[in-house]
Amino acid sequence: MHIIDVKFAAMAACPETGRLTAKAMLSTNEGGLSLSVSTEQADGADRRAIIDGLMEDAMRQIRVFPEVRTGQTVVTMAEGVLERAAQGA
């Protein structure tokens with residue numbers, strides 16, 4: 001699976017956990033994938049740090065997909081995907 005674009009929507013602070021939650025919409029060579037993701041909120045974190053944390057949670061979830069876990073599918077990411085997401089493009 002090759003991730004070619006990532007967009008994050010509906011970012012909000014969770015009042016129960018204090019974590020930042022969002023919907024991650026990944027465009028891949030195999031189609032689209034939508035995941036609910038979250039990350040710790042660090043005081044003063046810039047948008048790129050938040051995007052990195054949200055993407056880390058998305059990758060954590062993808063790694064447990066059976067085809068990824070067994071090695072049948074390798075996950076790669078196109079160059080500049082996270083930079084574009086951090087810029088809001």
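Note: the structure precedes this text.
Calculation rules
- Residues numbered from 1 in each chain as written.
- Predicted model: local features only at pLDDT ≥ 70, side-chain atom pairs only at ≥ 80, totals over all residues.
- Heavy atoms only, no water.
- Core = buried A, V, L, I, M, F, W, Y, C linked by side-chain atoms within 4.5 Å.
- Buried < 20%, exposed > 50% of the residue type's maximum accessible area, 1.4 Å probe, protein only.
- Helix = DSSP H or I, 4+ residues; strand = E, 2+ residues; numbered from the N terminus.
- Contact = heavy atoms within 4.5 Å.
- Pairing = 2+ DSSP bridges.

A. Region of interest: the nonpolar core. Val6, Phe8, Leu26, Val37 and Met55 are the most contacted members of the largest nonpolar core, which has 19 residues in total. For this core, the secondary structure elements donating two or more residues are β1 (2–13), β2 (20–28), β3 (31–39), α1 (47–63) and α3 (81–87). Sort the elements by how many residues they give to this core and α1 lands first, with six residues. The contacts of Leu26, once residues within four sequence positions are left out, are Ile3, Asp5, Val6, Gly31, Gly32, Leu33, Met55 and Ile62.

B. Spatial organisation of the pairing of β3. Across nine bridges, β2 lies against β3 in antiparallel orientation. Looking at β3, one finds that Ala24 is bridged to Leu35.

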